[in-house]
Amino acid sequence: MFADLIHLHQNDFQTIAEAWIRVGAQAIRLVEHGEMIASMPKDISFSKKEIIGRNASGSLELHIHGMNDGAWQSIADAMTELFSHVLTTETEMEELTASLVETQDKLVALYELTQSARRALKIDDLLDLLIQESRRLLDADGAFTAIYFNNHRPQIRQSAIEPLPEAHLHAASTIYRKDTRRHNFKDSMTLPRGLSNVIMSTLPVRENVFACIGVFNKTGDFTSHDIKLLRAIAEQSGAQIDNALLYQEALARTRFETEMDLARQVQIALLPQSIPTLDGLDIYGASAPASQVGGDFFDIIARKGQPLVFMLGDITGKGMPAALLMTMTRTTARSAARNMPFSRPDQIVKRLNTDLLDDFSTVSMFSTAFIGTFDPVNRSLLFSNAGQSPILFMPVQGEPQLLEAQDIPIGIFEDYEYISQTLSLVPGDVLVAATDGFNESRNNAGEMFGMERMLLALKHLRGLSARGIADGLFKAVNNFSEDHPQDDDRTIIVLKVSERMESVSFQIPAGYEDLRIAAKALRELLMLHKVQESVINNCELAMQELLSNIVEHSYSGNKDKMIEVRLQVDGKRLIIETRDSGIPANIKLESVAMPDPLELQVGGYGMAIIQALMDEVQHQYKNEKNLWTLTKKI
Amino acid sequence: MPIEIKTTEYTLKIVVIAPQGRVDAFEAPTLRKMCEAYFESGVTHFVFDLSEVTMLDSAGLAVLVSVLKRTRQNEGEVRLVWPKHEAASRILKLTKFDQVFQSIESSQIVPKGF
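In every chain, residue numbers begin from 1 and rise along the written sequence. Naming scheme: in the order in which they are written, chains are lettered from A and ligands are numbered from 1. Local features in this predicted model are restricted to residues of pLDDT 70 or higher, and side-chain atom pairs are both shown and tallied only at a pLDDT of 80 or more, whereas totals for entire chains, interfaces and linings draw on every residue. Here the side-chain values reflect all heavy atoms present in the structure, with hydrogen atoms and water set aside.

A.B. asks: Help me understand the nonpolar core in this model?
C.D. replies: Proteins that are soluble and globular tend to have nonpolar side chains buried together. Of all hydrophobic cores here, the largest spans 68 residues; its most connected members are Leu547, Ile563 and Leu567 of chain A together with Phe46, Phe48, Leu56 and Phe97 of chain B. What counts as a helix is a DSSP run of H or I of at least four residues, what counts as a strand is a run of E of at least two, and both are numbered from the N terminus. When residues in this core are grouped by element, the largest group, 10 residues, is from helix α11 (residues 533-554) of chain A. Residues in contact with isoleucine 563 of chain A, not counting those within four places in the same chain, are Phe506, Gln507, Ile508, Ala510, Leu547, Ile550, Val551, Tyr555, Thr578 and Arg579 of chain A. Here the nonpolar core consists of buried residues drawn from Ala, Val, Leu, Ile, Met, Phe, Trp, Tyr and Cys, with membership extended through side-chain atoms lying within 4.5 Å. Categorising residues by exposure relies on relative accessible area from a 1.4 Å probe, with only protein chains included: less than 20% of the type maximum marks a residue as buried, more than 50% marks it as exposed, and the intermediate range marks it as partly exposed. Listed in part, the 44 residues of the second largest apolar core include Leu281, Phe297, Ile371 and Ala433 of chain A. Contact criterion: two residues are considered in contact whenever any of their non-hydrogen atoms come within 4.5 Å of each other.

Below, the structure written as structure tokens:
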């Protein structure tokens, strides 16, 4: 189209025209495709005589009026060709410049968008930025994005002077999705109401997600330049959106993992944080969940004045459902064991069954449980086994044996009567209660650890402490299964009966009345150990005499002072230790003798009584304290 | 002629003290004060009924010994009703005061005891 450009070469045309006029022409016209694009002089009637110069393609003609000498024909042709060439070059230059400017505009716009997009990590922020910028760059009323995570309903975000109903934008994106080769829509028949024109482009994100951007309602129409720019924007933004989607998913996954981790921590916190110690029993428990949260539980509860309770169980299934029920079961069991006046395991199991039956039935799950109590005085173990396996008993003499479950799991039958069984234990006896995560562990060859291997491992471990046995069994199973992933939770409680050894330590004020506290503690301790009454009386009297001496002689009756007392029974002996920070006792123990009663002395019997009653009496003055140690075989 | 009769009336004051429970270093001062009050009121004969005493220590014993000592100066006497509880009788044997104190079966027969 030279018509737009001829003005740039008006002077050249004028020079040529003037030259022709000097050689006799009346008027000169430049005609492109039959249409005049320049003439000189401007208003003149045409003379019929003319020479017409043509360029090679015949698109441009130079009409020279008032001349008909054929000799000028070739000059006219050459001149037209030259002019055509100049104008053609000019056109190309013009187009090239326009294209350069356009490219530069686009580059700047894209650069800005990319820079801003980098700061937007969240998908929604990024999409908002994208539609706002597209709207601005394309000078339209609105823009929107539609992302189809599934095939039904896209997630739509828009930015518009007059926002449109989401359904309309959904409809627009649906039309586009049918044929993504078409970008420009301005057909009022097919477009939803409110959309006068819209251009659309696909946002290239991952394969299973369709995403597109649309810019709508531009005054006038969108040009091909607009479409190119939108496509460039879309092309550029696809990767960013994909990143943001990934980030969002990673964030969601992290949040899920954090929550699972928290759940796991809650579960771990629910497991006993410390194992209670009990004289006469070495007990240990541990659990290794297979997944992040598990369905196994165990608990060991020391109850004042009542036998120790221990329990272990396994909820059917794995993961979160099992974990939730495990938490519930464990809490109910703990509360039943701790707060109810239940002394027998079957009462606790029955209570669990009654309380949890409805919940378990609703979700068609159940739980196995092994609940036992141990009384260290008579070394009797009472237990109730609701479907729990394996339970292994290893008497100090004799072969290990598997204690089969007597009762069905909890959560199955209402009013099921559970029973308690009794085992009388002796020092050295070991009881192992575990969940099937041990014996059913598999190695890479698909072999099961099994009961035989478990018994064999325990035979080797039985000499160790309860913890040593548990740790050893964990290790044995881990060694067996190698790098095969752990399929199920592994939970274990080990009881090992030990020789009893008990001690009690306390402080009392140096007042005669308070000595009775010590007397009571001593009496309780010795009664617990089934010491003969006459021996208890002797020990009590000896301690009373010792403490009276300390009150009277060491502290001179000052009740603000304290006496430390430690009573210890190590199976065969009672050891009474006292510490006081009073006056150092000035007494020669070896020369103490019982006063002759006939002398009727009113004092001085105490130490002689102590020596007569106890096997050993020692005194030391150390670190500014009197330390008395009385020992008596019991 | 009516015979001449000289009469002399004696009043023997006997007190029976029957502590219950522990007679230990904490209770001994109470018992001691009580006995002193009886001495002041002219009592010379003491019966300690220890049958319900559950525990006797050297402080409790010292009260008994001091009362015995003082009655001897006043030509009085002390009798014990033996404790039923071993924790109370143990110390009497240990210190051999079981051989010093005279005992009676029961405080019901007190007058016959002297």
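A.B. asks: When you look at the sheet that holds strand β1 (residues 14-17) of chain B in this model, what are you seeing that I'm missing?
C.D. replies: Each strand in a sheet pairs with another by means of backbone hydrogen bonds, the pair being arranged parallel or else antiparallel. All names here are of chain B. Across the sheet, four strands lie side by side as β1-β3-β5-β6; this open sheet has parallel pairing. Two strands close off the open sheet at either side, each with one partner strand: β1 and β6 (102-104). Taken pair by pair, the neighbouring strands of this sheet meet at an average axis angle of 30°, ignoring direction. Two strands make a pair as long as DSSP finds a minimum of two bridges between them. Examined bridge by bridge, strand β5 (residues 77-81) and β6 share three bridges and lie parallel to one another. Counterpart to valine 81 in the pairing with β6 is isoleucine 104. Every axis corresponds to a line fitted to the C-alpha atoms, with the helix fit spanning only the stretch in contact, and the corresponding angles, defined between N-to-C directions, vary from 0 to 180 degrees.

A.B. asks: Sorry, what's going on with the side chain of threonine 95 of chain B here?
C.D. replies: You can see threonine 95 of chain B is positioned in the loop between α3 (86-94) and β6. Under the relative-accessibility criterion, threonine 95 of chain B is labelled buried at 0%. Polar contacts, as counted here, are pairs of nitrogen or oxygen atoms within 3.5 Å of one another; within protein the pair requires one atom able to donate a hydrogen and one able to accept it, and residues that are adjacent in sequence qualify only if both atoms are side-chain atoms. Polar contacts involving the side chain of threonine 95 of chain B include one to the main-chain carbonyl oxygen of isoleucine 91 of chain B, which spans 2.7 Å. For threonine 95 of chain B, the side chain forms a polar contact with the main-chain oxygen of leucine 92 of chain B, separated by 3.5 Å. Apart from residues no more than four positions distant in its own chain, threonine 95 of chain B is found in contact with Met594, Pro597, Tyr605 and Ile609 of chain A together with Leu61 of chain B.

A.B. asks: Looking at this model, I keep getting lost on the domain arrangement of chain A. Mind explaining?
C.D. replies: Interface size is commonly expressed as the accessible area that is lost once the parts come together. The split of the chain into domains comes from an automatic or database domain assignment. According to the domain assignment, chain A contains domain 1 (6-96), domain 2 (120-248), domain 3 (271-497) and domain 4 (502-633). If you average the C-alpha positions of domain 3 of chain A and of domain 4 of chain A, the two centres end up 45 Å apart.

A.B. asks: Looking at this model, I keep getting lost on the environment of serine 503 of chain A. Mind explaining?
C.D. replies: Residue and element names in this part refer to chain A. Here serine 503 is to be found in strand β20 (residues 502-509). Exposure remark for serine 503: the relative accessible area of 37% places this residue in the partly exposed category. Sequence-wise, serine 503 and lysine 632 are 129 residues apart; in three dimensions their C-alpha atoms are separated by 14 Å. Ignoring anything within four residues of it in the chain, the contact list for serine 503 reads Arg566, Leu567 and Gln568.

A.B. asks: I tried to follow the interface of chain A and chain B on my own but got confused; where do I start?
C.D. replies: Counting residues at the interface gives 23 residues for chain A, matched by 25 residues for chain B. Defined in terms of a 1.4 Å probe, buried area is the accessible area two parts forfeit on being brought together, summed over both. Between chain A and chain B the total buried area reaches about 2,100 Å² when both faces are included, carbon and sulfur atoms providing 66% of it. Only one rule defines a salt bridge in this text: a Lys or Arg side-chain nitrogen within 4 Å of an Asp or Glu carboxyl oxygen. On the surface where chain A and chain B come into contact, there are three salt bridges. The closest approach of N and O atoms between aspartate 24 of chain B and arginine 516 of chain A, which form a salt bridge, is 3.0 Å. On the surface where chain A and chain B come into contact, there are seven residue pairs in polar contact (both at pLDDT 80 or more). Put simply, the parts of the chain that give the side of chain A that touches chain B at least two residues each are α10 (515-528), α11 and α12 (606-613) of chain A. A per-element tally of the side of chain A that touches chain B places α11 of chain A first, with eight residues. Residue type decides the class: Asp, Glu, Lys and Arg count as charged, Ala, Val, Leu, Ile, Met, Phe, Trp, Tyr, Cys and Pro as nonpolar, and the leftover types, Gly among them, as polar. Looking at side-chain class alone, the side of chain A that touches chain B contains 12 nonpolar, seven polar and four charged residues.

A.B. asks: Explain the pattern of salt bridges to me, please; I cannot follow it from the model alone.
C.D. replies: Side chains carrying opposite charge are able to pair once their charged atoms draw close together. This structure, assessed with the given rule, holds 28 salt bridges over all chains. One salt bridge connects aspartate 226 of chain A with lysine 218 of chain A, and the closest N-O pair in it is separated by 2.9 Å. Residue lysine 218 of chain A is classed as buried on the basis of its relative accessible area of 16%. As a salt-bridge pair, arginine 523 of chain A and glutamate 540 of chain A come within 2.6 Å of each other at their nearest N and O atoms. Pair noted here: arginine 523 of chain A is in helix α10 and glutamate 540 of chain A is in helix α11, with a separation of 17 residues, a long-range link. Look at arginine 523 of chain A and you get partly exposed, because its relative accessible area is 21%. One network of salt bridges, with partners in common, ties together Arg516, Arg523, Glu533 and Glu540 of chain A together with Arg22, Asp24 and Glu27 of chain B.

A.B. asks: Please explain empty space enclosed by the protein as it appears in this structure.
C.D. replies: Regions of empty space are outlined by a rolling probe, equal in size to a water molecule, passed over the atoms. All names here are of chain A. Note on definitions: the grid is 1 Å and covers protein atoms alone; a cavity is a set of points where a 1.4 Å probe fits but cannot get out; a pocket is an open set with protein on both sides within 12 Å along at least five of seven lines; lining residues have an atom within 4 Å of a point. Grid points are joined across faces, edges and corners, and a volume is the space filled by probe spheres set on the points. Across all of its chains, the model carries three cavities of 30 Å³ or more by this definition. Lining the largest cavity are 11 residues, and of these Gln267, Leu271, Ser287, Pro289 and Asp296 sit closest to its centre. Considering every element that reaches the lining of the largest cavity, the biggest residue donor is helix α5 (residues 224-270), with three residues. Classifying every residue of the lining of the largest cavity gives four nonpolar, five polar and two charged. Lining the second largest cavity, in full, are Leu113, Thr114, Ala117, Leu126, Leu130, Gln236, Ser237 and Gln240. The set of elements that each furnish at least two residues to the lining of the second largest cavity consists of α2 (73-119), α3 (123-138) and α5.

A.B. asks: Would you take a moment to explain the packing of aromatic side chains for this structure?
C.D. replies: Where two aromatic rings form a pair, the distance of their centres and the angle of their planes describe that pair. Under the pairing criterion, centres of Phe, Tyr and Trp rings, with the six-membered ring standing for Trp, must be within 6.5 Å; the plane angle then separates stacked pairs below 30 degrees from edge-to-face pairs above 60, leaving the rest tilted. All told, the structure shown has 15 aromatic pairs over all chains when counted by the stated rule. Centroid distance tyrosine 605 of chain A to phenylalanine 97 of chain B: 5.6 Å. Interplanar angle 70°. Geometry classified as edge-to-face. With one member in each of two chains, tyrosine 605 of chain A in the loop between β22 (573-580) and α12 and phenylalanine 97 of chain B in the loop between α3 and β6 form a pair that bridges those chains. When sorted by exposure, tyrosine 605 of chain A lands in the same class as phenylalanine 97 of chain B, which is buried.

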